[in-house]
Amino acid sequence: DVSFSVGMNERAGIVGPNGAGKSTLFALITGFMKQDSGGVYFDGHNLSRTSPVVRSRLGLLRTFQVPRPYFHLTVHQNLLAAAPSQIGERLTHVFFSPGRVRIEEQAIHAQADEILSFLRLKPVADYPANQLSGGQLKLLELGRLLMTKPKFIMIDEPFAGVNPVLIEQLCAHIRALNDRGLGCLIIEHNLRALSNLVPRLIVLDCGRIIADGSPTEVLSNPEVQNAYVGGGP
């Protein structure tokens, strides 16, 4: 019986104690699990019977709590590999349309370079992904997502295993993306950190929404305090 909506340009967070249903909710929205009832709607489309691939092609993209890059590739190569529907992947285009392939490759490289600069990953662009820190892996995961030119992003536990400096950097990037018109929904166990990032918090507990509002409203809600922080602030 969880029901809520998020605007395409909105920045909102989902919080709750362990086992509240946050990851299950993300999996249902993105198609990695099938809902028992109800529906999932995105940008005018009913996604209830569609696969994760179809949802991603419609512009609904997600990251995972544990980043999943190609660890044997460099940071730059990981971004290049994430670009969707590359015509150079088809042999017919390689042999019969080399000019088109070359132009597209130049555009993809330019896009990857822009994202590397935006995420401040230029200094590690040529590092294999397996040499990155936890925070840098989260940035790389975000960068690979941006290579697909999403309409809306869902970010799972961006602060987990990340040092405070990179947490601030991640927050700055998410705000900048939102200022450009890219909406985002963020799962985060760290309620205090997320409350500084988003203007709206949705709190889950035992598979139900117990609060939905501004961080100030949510943090002062007695039911949230009792369920999430054991009755204390």
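Relevant structure appears above.
Residues numbered from 1 in each chain as written. Predicted model: local features only at pLDDT ≥ 70, side-chain atom pairs only at ≥ 80, totals over all residues. Heavy atoms only, no water.

Chemist: Is there a simple way to explain the overall build of the chain in this structure?
Modeler: For the chain, the helix and strand inventory stands at ten helices and eight strands. Relative to its 233 residues, the chain shows a buried fraction of 48%. Sequence-distant contacts, at least 24 apart, represent 69% of the contacts inside the chain between residues at least 6 apart. Accessible area for the chain stands at about 12100 Å²; split by element, carbon and sulfur atoms hold 52% of it. (Helix = DSSP H or I, 4+ residues; strand = E, 2+ residues; numbered from the N terminus. Buried < 20%, exposed > 50% of the residue type's maximum accessible area, 1.4 Å probe, protein only. Contact = heavy atoms within 4.5 Å. Areas by Shrake-Rupley, 256 points an atom, 1.4 Å probe, with all protein chains shown as cover.)

Chemist: Just to check I follow, could you spell out the packing of aromatic side chains for this structure?
Modeler: Aromatic ring pairs are reported here in terms of the distance separating the ring centres and the angle at which the planes meet. Scanning the model with the defined rule gives one aromatic pair in all. Measuring from ring centre to ring centre gives 5.6 Å for Phe-32 and Phe-64, while their planes differ by 85°; the resulting arrangement is edge-to-face. One end of the pair, Phe-32, is in the loop between helix H1 (22-30) and strand S2 (41-42); the other, Phe-64, is in the loop between strand S4 (60-62) and helix H3 (75-82), with 32 residues separating them in the sequence. The ring of Tyr-70 has Arg-144 lying over it, and the distance from NZ or CZ to the ring centre is 5.6 Å. In this structure, Arg-180 packs its charged tip against the face of Phe-118, placed 4.4 Å from the ring centre. (Phe/Tyr/Trp six-rings, centres within 6.5 Å; stacked < 30°, edge-to-face > 60°. Lys NZ or Arg CZ within 6 Å of the ring centre and 35° of its normal.)

Chemist: Please explain unusual backbone geometry as it appears in this structure.
Modeler: Peptide bonds are mostly trans, and most non-glycine residues show a negative phi. Positive phi outside glycine occurs at Asp-43, with the angle close to 50°. Examined against the element boundaries, Asp-43 turns out to sit in the loop between S2 and strand S3 (45-46). With relative accessibility at 38%, the residue Asp-43 sits in the partly exposed group. Backbone geometry at Glu-157 places phi at a positive 50°, although glycine is not the residue there.

Chemist: Please clarify how the environment of Phe-4 should be interpreted in this entry.
Modeler: With respect to the element layout, Phe-4 can be found in the segment before strand S1 (11-15). Between the alpha carbons of Phe-4 and Ile-209 there is a distance of 8.9 Å; along the sequence they are 205 residues apart. Each residue touching Phe-4, except ones within four places of it in the same chain, is listed here: Ile-14, Leu-25, Ile-29, Leu-185, Arg-200, Ile-202 and Ile-209.

Chemist: Looking at this structure, I do not really get helix H6 (residues 134-146). What am I missing?
Modeler: Note: α-helices contain 3.6 residues per turn, so residues at a spacing of three or four share the same orientation. Between its first and last C-alpha atoms H6 spans 19 Å; for 13 residues at 1.5 Å apiece the expected length is 18 Å, and the two agree. The element H6 is extensively covered by neighbouring structure, given that eleven of its 13 residues are classed as buried. (Expected span 1.5 Å × (residues − 1).)

Chemist: Explain the nonpolar core here, please?
Modeler: The nonpolar side chains of a soluble globular protein tend to be buried with one another. With 49 residues, the main nonpolar core has Leu-146, Met-147, Ile-153, Ile-186 and Leu-197 as its most contacted residues. Ile-14, Phe-26, Ile-29 and Met-154 belong to the second largest nonpolar core, which has 16 residues in total. (Core = buried A, V, L, I, M, F, W, Y, C linked by side-chain atoms within 4.5 Å.)

Chemist: Teacher, can you tell me more about the packing of H3 against H6 here?
Modeler: How two helices sit against one another is set out by the angle between their axes and by the gap between those axes. As a packed pair, H3 and H6 sit with axes 8 Å apart at the nearest point and diverge in direction by 30°. On the basis of their axis angle, the class for H3 and H6 is roughly parallel. The interaxial crossing formed by H3 with H6 has right-handed handedness. Contacts from Val-75, Asn-78, Leu-79 and Ala-82 in H3 reach Leu-140, Gly-143 and Arg-144 in H6. (Axes fitted to C-alpha atoms, helices over the stretch in contact; angles between N-to-C directions. Parallel < 35°, antiparallel > 145°, perpendicular 65-115°, else oblique. Left-handed = near helix turned anticlockwise from the far one by under 90°.)

Chemist: What is the right way to look at the pairing of strand S8 (residues 208-213) in this model?
Modeler: Along any regular strand the residues' side chains alternate between the sheet's two faces. Relative to S8, strand S7 (residues 200-205) is paired through five bridges, and the arrangement is antiparallel. The residue bridging Asp-205 from the neighbouring strand is Arg-208, located in S8. Between the end of S7 and the start of S8, which pair antiparallel, lie two residues, with Cys-206 showing a positive phi angle near 55°. (Pairing = 2+ DSSP bridges.)

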